[in-house]
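Coordinate inspection notes
Here are the chains, one letter per residue:
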Amino acid sequence: MRINLLILLFTFFIFPCFSQSTKLPDTWLRLSGGSVSFGTGDFMGYSFGVGLLKNVIRQPRPGLDKLLVGGEFLFENGVKNPVIQNPTQEEFFAKTFRHTTSTLLWAKAGYYPFRKIVKGFNIQAGPVIGYSSRSTEERASRVVDIFGNSVRQSTLSFNNGFVFGYRISTGMEFDLSHRLQVGVRLDFSNNNEAEINTLAGVSLGIKL
């Protein structure tokens, strides 16, 4: 049900952008993946994205080569695991359990200011909505058996629900051919749960 709602939201955001024509110049399908830093480097994870973008600028001009409008589905997942079996005192206090997984829709506009010099440089921004599942360790204890072996016992809390916020990305794309591009990207995102995440990744663009 939640996935169906996200698909409907994606359709709502994307298809009005393509209502004037089914195939305009510079319509791109973009696949991406990378490493996510959850919080201020609290723990790491990974991300996959699928985006559909259309250029709405037919005549480039100085300071505005392209303006791509569309959206991107993003899946992010990250976990921080503590030492369970025989943790030292330092290990017991240094690491706690945290896990986050999110399915997100990013409605965005991508601004390409340059035509010839670093023409693939871009800045993308827009609102984000999605569903996130989070689990954290509220309390932990170190239990020692009669043989001297210790184990970490944890009490977890869960926070699942819809999230919304914004996302900003900067990147660089390079032409492999008339219809293929590769690129790098660096994203910054924030949401209503006060989660501040960064992503460093790569992308593959296919011109439709």
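Structure's up top.
Every chain is numbered on its own, with residues counted from 1 as its sequence reads. Predicted model: local features are reported for residues with pLDDT of at least 70 only, side-chain atom pairs are reported and counted for 80 or more only, and whole-chain, interface and lining totals are derived from all residues. Hydrogens and water molecules were not included; the side-chain quantities draw on all heavy atoms of the structure.

1. Brief notes about the sheet that holds strand β1 (residues 27-38)
Following DSSP output, two strands are said to pair if at least two bridges run between them. Numbered from the N terminus, helices here are DSSP runs of H or I no shorter than four residues, and strands are runs of E no shorter than two. The strand order β1-β2-β3-β4-β5-β6-β7-β8 describes a closed barrel built from eight strands, whose pairing is antiparallel. Direction aside, neighbouring strands of the sheet carry axes that sit 20° apart on average. Relative to strand β2 (residues 43-55), β1 runs antiparallel, the two sharing 12 bridges. Residue pairing across strands places Leu-29 opposite Leu-52, the latter belonging to β2. The convention used is that axes are lines fitted to C-alpha atoms, helices contributing only their stretch in contact, and that angles between N-to-C directions extend from 0 to 180 degrees.

2. Re unusual backbone geometry
One non-glycine residue, Asn-86, lies in the positive phi region at around 50°. Looking at the element boundaries, Asn-86 is found in the loop between β3 (66-80) and α2 (89-94). Of note, the phi angle at Ala-194 is positive, near 60°, even though the residue is not glycine. One can find Ala-194 in the loop between β7 (180-191) and β8 (196-207). Only protein chains enter the accessibility calculation, which uses a 1.4 Å probe; a residue is then buried when its area is under 20% of its type maximum, exposed when over 50%, and partly exposed in between. Look at Ala-194 and you get exposed, because its relative accessible area is 64%.

3. Let's talk about the pattern of salt bridges
Salt bridges are defined as contacts in which a side-chain nitrogen from Lys or Arg sits within 4 Å of a carboxyl oxygen from Asp or Glu. Counted by the stated rule, this structure contains 14 salt bridges. The residue Asp-26 makes a salt bridge to Lys-207 at a minimum N-O spacing of 3.3 Å. Linking Asp-26 in the loop between α1 (2-14) and β1 with Lys-207 in strand β8, this pair joins segments that are 181 residues apart in sequence. Judged on exposure class, the residue Asp-26 and its partner Lys-207 are both buried. Linked by salt bridges that have partners in common, Glu-72, Glu-76, Lys-108, Arg-167, Arg-185 and Asp-187 make up one network.

4. What to know about the side chain of Lys-108
Following the sequence through the fold, Lys-108 ends up in strand β4 (residues 98-112). Polar contacts involving the side chain of Lys-108 include one to the side chain of Glu-72, which spans 2.9 Å. In protein, a polar contact requires one atom able to donate a hydrogen and another able to accept it; more generally it is a pair of N or O atoms within 3.5 Å, and residues adjacent in sequence count only if both atoms are side-chain atoms. Of the polar contacts made by the side chain of Lys-108, one reaches the side chain of Gln-124; its length is 2.8 Å. The contact criterion used is simple: two residues touch if any of their non-hydrogen atoms lie within 4.5 Å. Residue contacts for Lys-108: discarding those within four places in its chain leaves Leu-53, Leu-68, Val-69, Gly-70, Gly-71, Glu-72, Gln-124, Ala-125 and Gly-126.

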